[in-house]
Amino acid sequence: MPAGPTYEPIATTTLGSAAAPITFSSIPGTYTDLRATIVIPASPDTSGNVNMTLNGTSTGYSRTILLGQGTSASSSRSTSAAFWRVGNNGFQWTGSNSTPVFYTVDIFSYAGSTNKTALATVQEDLNGSGVVQRSVFLWSNTAAITSLSWTTDAGTNFPVGTVATLYGIKAA
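Remember, predicted model here, so these are calculated numbers, not experimental data.

**Student:** Just to check I follow, could you spell out the sheet that holds strand β4 (residues 50–54) for this structure?
**Tutor:** Adjacent strands of a sheet pair through backbone hydrogen bonds, lying either parallel or antiparallel. Sheet architecture is open: four strands sit in the order β2-β11-β4-β7, paired in antiparallel fashion. Of all the strands in the sheet, just β2 (22–24) and β7 (84–85) have a single pairing partner and so form its edges. Where β4 lies against strand β11 (residues 148–152), five bridges are found, and the strand directions are antiparallel. Residue pairing across strands places V50 opposite T152, the latter belonging to β11.

In structure tokens form, the structure reads like this:
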């Protein structure tokens, strides 16, 4: 059986105190794709939406999302945004969370000279009324991605214990 793609950790950050943004910079152009993950622990005292920006820019982001929460489903689209909203308005970590929330963004051909595309997944178990979200992202910029930041809404920090990891993906 042929070997599949390999994931190599580039960097990991674990917050010892509440903070935002979490930035990975000097990303080498030696991989085919990137995977960025962030796990936000149970958080009784903070809440906020989870966003991502690339190369420190605040233009050219768009997304389409599908969201399932409990027994309902919805979709939405945004264009000309200042960031990718990875956790949608109805899907954010909240001060009442008793379980961690896991976010993953796969960015394809990040070092190439075309517009950048990505797929994101978010899931949280809420004891029978959990949430799952899938998003398709476009960044209308042809620059190679050399940095990315996990951000929050203004004035909100990621809580202590948040773990963010950036992986490089190499084709088999």
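**Student:** Can you walk me through the packing of aromatic side chains in this structure?
**Tutor:** For any pair of aromatic rings, geometry is given as the distance between the ring centres together with the angle between the planes. As enumerated under the stated definition, the model contains four aromatic pairs in all. Arranged with centres 6.0 Å apart and planes meeting at 20 degrees, the rings of Y61 and W139 form a pair that is stacked. With Y61 in strand β5 (residues 61–69) and W139 in strand β10 (residues 131–139), this residue pair connects regions lying 78 residues apart in the sequence. Plain terms: the ring middles of W84 and F137 are 4.7 Å apart, the flat faces sit at 10 degrees to each other, and that makes the pair stacked. On the criterion of sequence distance, the pair formed by W84 in strand β7 and F137 in strand β10 is long-range, its members being 53 residues apart. Side by side, W84 and F137 carry an identical accessibility label, which is buried. Cluster of aromatic residues (ring-pair linked, three or more members): Y61, W84, F137 and W139.

**Student:** Sorry if this is basic, but what is going on with the nonpolar core here?
**Tutor:** Generally speaking, a soluble globular protein has its nonpolar side chains buried in company with each other. By size, the foremost hydrophobic cluster in this structure holds 32 residues, and its most contacted members are M52, W84, V86, V105, I107, L148 and W150. Those elements giving two or more residues to this core turn out to be β2, β3 (33–40), β4, β8 (101–108), β9 (116–124), β10, β11 and β12 (163–170).

The rules behind each value
- Residues numbered from 1 in each chain as written.
- Predicted model: local features only at pLDDT ≥ 70, side-chain atom pairs only at ≥ 80, totals over all residues.
- Heavy atoms only, no water.
- Pairing = 2+ DSSP bridges.
- Helix = DSSP H or I, 4+ residues; strand = E, 2+ residues; numbered from the N terminus.
- Phe/Tyr/Trp six-rings, centres within 6.5 Å; stacked < 30°, edge-to-face > 60°.
- Buried < 20%, exposed > 50% of the residue type's maximum accessible area, 1.4 Å probe, protein only.
- Core = buried A, V, L, I, M, F, W, Y, C linked by side-chain atoms within 4.5 Å.

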